[in-house]
Amino acid sequence: PNIYVFDYVELEKQHINFSLLPEGSVFINQPESLYSKHRGTIWAVAVTFILLSLSLFVSIVNISKRLKTERKLKRSKEVLTSLINASPESMYLIDEKANVLLANEMAANRLGLTVEEFVGSCFYELLPSLVANSREKEFEIAFSTKKTRVFYDERDGIQFEHHLYPIFGDEG
């Protein structure tokens, strides 16, 4: 079979239509197309763009879910705060080190504090030492047994009934 070889530059100069040439013709001096010249780079950029687009999409979905969860958590905290503030009794949540995590207004007022001052403080440090020592013993029993505890004490001729309800998370 014959192989026809043509000079691309001369064909262009002479304005010869490429479709008139025999099928399978070979061209010399033909400029490379942008794609064939930079094929690897073009594919790398395309794949990078697709991966970045997917990452952006996943991030947007993740952020949307997080924001939705944060709104639900905020609403849940508002409901919880409303519920504990509705009680005429002192209510507070402390951890095992007696750090106040949550409290109602009544509990804070009885100690002469605002809720903001009460939350974050060490409960035992806010009480007279005798009272703090007896409460600490009762709290330790409630935490160690993981059971509801009721105890009584008296101050200034007034009898107080206390209910402790230990709450434990997934880690115990």
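Worth saying up front: this structure is predicted, and the values here are computed from it rather than measured.

Draft legend 1. Representation of the overall build of the protein in the model. Check the secondary structure of the protein and you find six helices and six strands. Seen in sequence order, the protein has helices and strands lined up from the N terminus as β-α-β-α-α-β-β-α-α-α-β-β. For the protein, the C-alpha radius of gyration of 39 Å lies well beyond 16 Å, the compact-globule estimate for 172 residues. Principal axes of the C-alpha set define a box for the protein whose edges measure 120 × 30 × 20 Å. The buried share of the protein, reckoned over its 172 residues, is 18%. Pairs at least 24 residues apart make up 14% of the contacts formed inside the protein by residues separated by at least 6 positions. In the structure as shown, the protein presents an accessible area of about 13,600 Å², 59% of it carried by carbon and sulfur atoms. For the protein, the separation between the mean place of its 19 positive charges and that of its 23 negative charges on side chains is 4 Å.

Draft legend 2. Main features of the pattern of salt bridges. Within this structure, the stated rule accounts for six salt bridges. The closest approach of N and O atoms between Glu-78 and Arg-75, which form a salt bridge, is 3.6 Å. Here the residue Glu-78 and the residue Arg-75 both occupy positions in helix α3 (residues 39–86), the gap between them amounting to three residues, near one helical turn. Given the relative accessible area of 37%, Glu-78 is considered partly exposed. Among the salt bridges present, the one from Asp-153 reaches Arg-155, with a minimum N-O distance of 3.2 Å. On the basis of relative accessible area, Asp-153 is assigned to the buried category, the value being 15%. Connected via shared salt-bridge partners are Arg-135, Asp-153 and Arg-155.

Draft legend 3. Quick peek at the packing of aromatic side chains. Within this structure, the stated rule accounts for nine aromatic pairs. Between Phe-118 and Phe-123, the aromatic rings sit 6.2 Å apart at their centres with planes inclined by 50°, giving tilted as the arrangement. Considered together, Phe-118 and Phe-123 belong to a single accessibility category, that of buried residues. Measuring from ring centre to ring centre gives 5.9 Å for Phe-123 and Phe-139, while their planes differ by 40°; the resulting arrangement is tilted. Here Phe-123, found in the loop between α5 (115–118) and α6 (129–145), pairs with Phe-139, found in helix α6; they are 16 residues apart in sequence, far enough to count as distant. Given the relative accessible area of 2%, Phe-123 is considered buried. Residue classification places Phe-139 among the buried positions, given a relative accessible area of 4%.

Draft legend 4. Structural detail: a nonpolar patch on the surface. Taken together, Tyr-35, Ile-42, Trp-43, Val-47, Phe-49, Ile-50, Leu-51 and Leu-54 make up a surface patch of nonpolar side chains, about 830 Å² in accessible area. Sorting elements by how many residues they give to the nonpolar patch places α3 first, with seven residues. Here Ile-42 lies in helix α3. Under the relative-accessibility criterion, Ile-42 is labelled partly exposed at 36%.

Draft legend 5. Layout of the pairing of strand β5 (residues 149–155). Note: β5 against strand β6 (residues 158–164), seven bridges, orientation antiparallel. Across the sheet, Asp-153 pairs through a bridge with Phe-160, a residue of β6. Connecting the antiparallel pair β5 and β6 is a turn made up of two residues, with Asp-156 showing a positive phi of about 50°.

Draft legend 6. Fine view of α6. With 17 residues, α6 should cover 24 Å at 1.5 Å per step; its first-to-last C-alpha distance of 24 Å lies within 8% of that length. Looking at α6, one finds that the buried residues are Val-131, Ala-132, Arg-135, Glu-138, Phe-139, Ala-142 and Phe-143. Projected down its long axis, α6 shows its buried positions confined to an angular sector of 135°, all on one face. Across α6 from its buried face, at more than 90 degrees, point the exposed residues Ser-129, Leu-130, Lys-137 and Ser-144. Looking at the buried residues of α6, the elements they touch are β3 (92–94), β5 and β6. Positive phi shows up at Lys-146, right after α6, with a value of about 60°.

Thresholds, definitions, all that
- Residues numbered from 1 in each chain as written.
- Predicted model: local features only at pLDDT ≥ 70, side-chain atom pairs only at ≥ 80, totals over all residues.
- Heavy atoms only, no water.
- Helix = DSSP H or I, 4+ residues; strand = E, 2+ residues; numbered from the N terminus.
- Rg over C-alpha atoms; globule rule 2.2 N^0.38 Å.
- Buried < 20%, exposed > 50% of the residue type's maximum accessible area, 1.4 Å probe, protein only.
- Contact = heavy atoms within 4.5 Å.
- Areas by Shrake-Rupley, 256 points an atom, 1.4 Å probe, with all protein chains shown as cover.
- Lys, Arg positive; Asp, Glu negative; His and termini not counted.
- Charge placed at Lys NZ, Arg CZ, Asp CG, Glu CD.
- Salt bridge = Lys/Arg side-chain N within 4 Å of Asp/Glu carboxyl O.
- Phe/Tyr/Trp six-rings, centres within 6.5 Å; stacked < 30°, edge-to-face > 60°.
- Patch = residues over 30% accessible without salt bridge, like charges linked within 9 Å, V, L, I, M, F, W, Y side chains within 5 Å.
- Pairing = 2+ DSSP bridges.
- Expected span 1.5 Å × (residues − 1).
- Arc of directions from axis to C-beta.

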